[in-house]
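Chain by chain, the residues run as shown.
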Amino acid sequence: RAVALAEQGHWEAAHDVFKGAMGTIASLPIELQRQALLKAVRAAVEVKYFAGAGKVLDEFNMVGLPPELEPAIAVLQGRIAEGLDIPTDALRFYQTAAESTDREAAAQGRGDETEVEGQQWLARLYTEENRYRDAFRVMRAAITTHPNARATRLIQDGAAATFESLFIGGRSDALPPVEALGLFYDYRELTPIGRRGDEMIRRLA
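Quick look at the structure, then. Every chain's residues receive numbers from 1 upward, in the order its sequence appears when written. Note on the predicted model: pLDDT of at least 70 is required for a residue's local features to be given, and 80 or more for side-chain atom pairs to be given and counted; whole-chain, interface and lining totals, by contrast, use all residues. Each side-chain value is worked out from all heavy atoms of the structure, with water and hydrogens disregarded.

## Considering unusual backbone geometry
Despite not being glycine, Asp-85 has its phi angle at roughly 60°, a positive value. The numbering of helices and of strands both runs from the N terminus, where a helix is a DSSP run of H or I of at least 4 residues and a strand a run of E of at least 2. Considering the arrangement of structural elements, one finds Asp-85 in the loop between α7 (70-83) and α8 (87-98). A residue is classified by how much of its surface remains accessible, and Asp-85, at 65% relative accessible area, is exposed. Residue Asn-130 is not a glycine yet carries a positive backbone phi of 60°. Burial classes: relative accessible area under 20% of the type maximum marks a residue as buried, over 50% as exposed, and values in between as partly exposed (1.4 Å probe, protein chains only).

In C-alpha cells form, the structure reads like this:
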C-alpha cells in the first residue's frame, strides 16, 4: 500500500504507511526491499522529513546498492543535503546524478523522472551560485534527454526567468562585457518575444 501511494504521488499518506511498515520491508526479497526503501526515502524527502530520510537511506548499507539505482540515490542524497542546508554536498550529489553515464537504464529502473528532477535542482543551485552558463547547459541537457517531462519545462521556465533577470534586470552588469555578450549569443533562444526581447537587445547593446 505504501509503494502504491508513493507511485501515485500521495507522499504524506505513503510516508505515514511506510513508518509502520519498515519491519515488513526487511522480510521481502532483496530486490523488493531496495525498491520499497527507495520509495520510503522519497516519501520522507517529499514531506521534508530529511533526518528520517537519511536514516532510511542508511538501510542500503545492509541490502546493497546496485549500479542502476545509484543515480536515483544520488538525487535523494542531494535533496536531503539541500534540506539540511548543506549546499556543497547537495550540488555534488546532483551533479553525480545529472552526469550519470547510464541515464536510460537508470531512468527505466526507477520508472519516474528522478534524473530530470536532479537536473532541475542542479540548475537551481548553479543559478544561486551565479554559475549561469552551467545552469543553461543543464537546461539544454534536460531538453535533449527528457523533452516532454514536467521538470524539463520547469527548468526552461527558470532559465528564461534567469536570462531575463540578467539582461533586463541588470544582473549581467556584474559580468565582464565579453562574457555577458557570449552568454547572450550562446543561449539567445531564451530571449523573450515582443517588446521585452527588444528591450533586452537594446540593453545588451
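Having put the structure on the table, let's press on.
## Observations regarding the packing of helix α4 (residues 30-46) against helix α5 (residues 50-57)
Each axis is a line fitted through C-alpha atoms, taken for helices only over the stretch in contact, and angles between the N-to-C directions span 0 to 180 degrees. Two numbers describe how α4 lies on α5: the axes approach to 8 Å, and their chain directions differ by 170°. It follows from the interaxial angle that α4 and α5 lie roughly antiparallel. Here α4 and α5 pass one another in a crossing that is left-handed. Of the residues in α5, those touching α4 at Leu-37, Ala-40, Val-41, Ala-44 and Val-45 are Phe-50, Ala-53, Val-56 and Leu-57. Charged means Asp, Glu, Lys or Arg here, nonpolar means Ala, Val, Leu, Ile, Met, Phe, Trp, Tyr, Cys or Pro, and polar covers whatever is left, Gly included. In the contact of α4 with α5, the residues fall into nine nonpolar, no polar and no charged. For classification, angles of less than 35 degrees are called roughly parallel, those exceeding 145 degrees roughly antiparallel, those between 65 and 115 degrees roughly perpendicular, and all remaining angles oblique. For any helix crossing, the convention is left-handed if the near helix is rotated counterclockwise from the far helix by under a right angle, and right-handed if that rotation is clockwise. For this analysis, residues touch if any pair of their heavy atoms sits within 4.5 Å.

## Comments concerning the packing of aromatic side chains
Aromatic rings from Phe, Tyr and Trp, taking only the six-membered ring of Trp, are treated as a pair when their centres fall within 6.5 Å; an angle between ring planes under 30 degrees marks them as stacked, one over 60 as edge-to-face, and anything in between as tilted. The tally for this structure, following the rule as stated, stands at seven aromatic pairs. Judged by centre distance (5.5 Å) and plane angle (80°), the rings of Phe-167 and Phe-184 are edge-to-face. Highlighted residues: Phe-167 in helix α12 (residues 150-167) and Phe-184 in helix α13 (residues 177-186), separated in sequence by 17 residues. Accessibility classification places Phe-167 together with Phe-184 in one group, the buried group. Here the aromatic residues Phe-136, Phe-163, Phe-167, Phe-184, Tyr-185 and Tyr-187 are joined through ring pairs into a cluster of three or more.

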